[in-house]
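# Summary of structural features
Residues per chain, in single letters:
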Amino acid sequence: MMETKDMRIINSTMMKLKKNNMAAYYVETAAEVVPLVKTLIKEGETVTHGGSETIKQCGIVDLLNSGAYNYLDRSKAETREEVEKIYREAYFADTYFASANAVTESGLLYNVDGNSNRVSAILYGPKQVIMICGYNKIVKDLDEATYRVKKYASPQNTKRLGADTYCANAGECLSVGRDASYMCDGCRNEGRICCNYVISARQRHKDRIKVILVGEELGY
């Protein structure tokens, strides 16, 4: 995992993403994300996002709340039924915003989800998906991606969500330390957030997925 920013790795990763038919961009700071995003979406379009600390840190939620877009905002839903309705409407959005759990140096996106509305929208539905990722999410390979989720991303996300899971209490997944075959191993808690594992490789629809890499540590 990248502990310090290395532009050689960032540039190589961007090249591999492009070879996998994903558009790739780089900005130095989180403050530069919104100006770039404004060039990728049009006013009046239907937009929404998955749960992501990164997009909050970059000001994307504030942008979507500006009134310039048809924002499907699940935070305003008053019932679980309304939340589920927004989840389904997201499949017809023009743009879906998210962050990846990890980006490999070979140009793969690795995402793990519990409810899985996020990974399903990444896979199919919205006309375009814009993934915003700090450089800290770049990893060497899928083994490192698996380790990153189990050691860092899941424990912090379960704490954020108030889920009473093993990783929330212990600070890491109970399966940390096993070999690569342990990708799907974990607790049997009802609040588990690691239920579906998605690897995005070479895409059939060129540039539908757009990845913005940021030269700052962002998100989990």
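So, how was this worked out
- Residues numbered from 1 in each chain as written.
- Predicted model: local features only at pLDDT ≥ 70, side-chain atom pairs only at ≥ 80, totals over all residues.
- Heavy atoms only, no water.
- Pairing = 2+ DSSP bridges.
- Helix = DSSP H or I, 4+ residues; strand = E, 2+ residues; numbered from the N terminus.
- Contact = heavy atoms within 4.5 Å.
- Axes fitted to C-alpha atoms, helices over the stretch in contact; angles between N-to-C directions.
- Buried < 20%, exposed > 50% of the residue type's maximum accessible area, 1.4 Å probe, protein only.
- Core = buried A, V, L, I, M, F, W, Y, C linked by side-chain atoms within 4.5 Å.
- Salt bridge = Lys/Arg side-chain N within 4 Å of Asp/Glu carboxyl O.

### With respect to the sheet that holds strand β8 (residues 138-139)
- As summarised here, the arrangement of the 4 strands in space is β8-β5-β6-β9, forming an open sheet in which the pairing is mixed. On the outer flanks of this sheet lie β8 and β9 (196-200), each paired with one strand and no other.
- In terms of strand pairing, strand β5 (residues 102-104) meets strand β6 (residues 109-113) through 2 bridges, oriented antiparallel. Looking across to β6, one finds that Val 103 is bridged to Leu 109.
- Sheet strands in contact with helix α7 (residues 142-161) are β5, β6, β8 and β9, and its direction is about 35 degrees off that of β6.

### Quick notes on the environment of Cys 184
- Within the element layout of this structure, Cys 184 appears in the loop between α8 (166-170) and β9.
- Judged by relative accessible area, which is 45%, Cys 184 ranks as partly exposed.
- The sequence separation of Cys 184 and Asn 196 amounts to 12 residues, and the corresponding C-alpha distance is 8.4 Å.
- Not counting the four nearest positions on each side in its chain, Cys 184 is found in contact with Arg 192 and Tyr 197.

### Let's talk about the nonpolar core
- Judged by nonpolar contacts, the single largest core of 23 residues is most densely connected at Val 33, Val 37, Ile 60, Phe 97, Ile 132 and Ile 212.
- Broken down by secondary-structure element, the contributors of at least two residues to this core are α2 (33-38), α4 (60-64), β7 (128-134) and β10 (209-214).
- The contact partners of Phe 97, leaving out residues within four places of it in the chain, are Val 37, Ile 41, Val 47, Thr 48, His 49, Gly 50, Ile 55, Ile 60, Leu 64, Ile 130 and Ile 132.
- Counting residues in each nonpolar core, the second largest holds 22 residues, with Tyr 96, Ile 122, Ile 138 and Leu 213 among its members.

### Topic: the pattern of salt bridges
- Overall, the coordinates contain 11 salt bridges when judged by the stated rule.
- Between Lys 85 and Glu 89 there is a salt bridge, with the nearest N and O atoms lying 2.4 Å from each other. Pair noted here: Lys 85 and Glu 89 are both in helix α5 (residues 80-89), with a separation of 4 residues, about one helical turn.
- We note a salt bridge from Lys 151 to Glu 172, for which the minimum N-O separation is 2.4 Å. Here Lys 151, found in helix α7, pairs with Glu 172, found in the loop between α8 and β9; they are 21 residues apart in sequence, far enough to count as distant.
- Each of Glu 53, Lys 56 and Arg 160 takes part in salt bridges that share partners, so that together they form one network.

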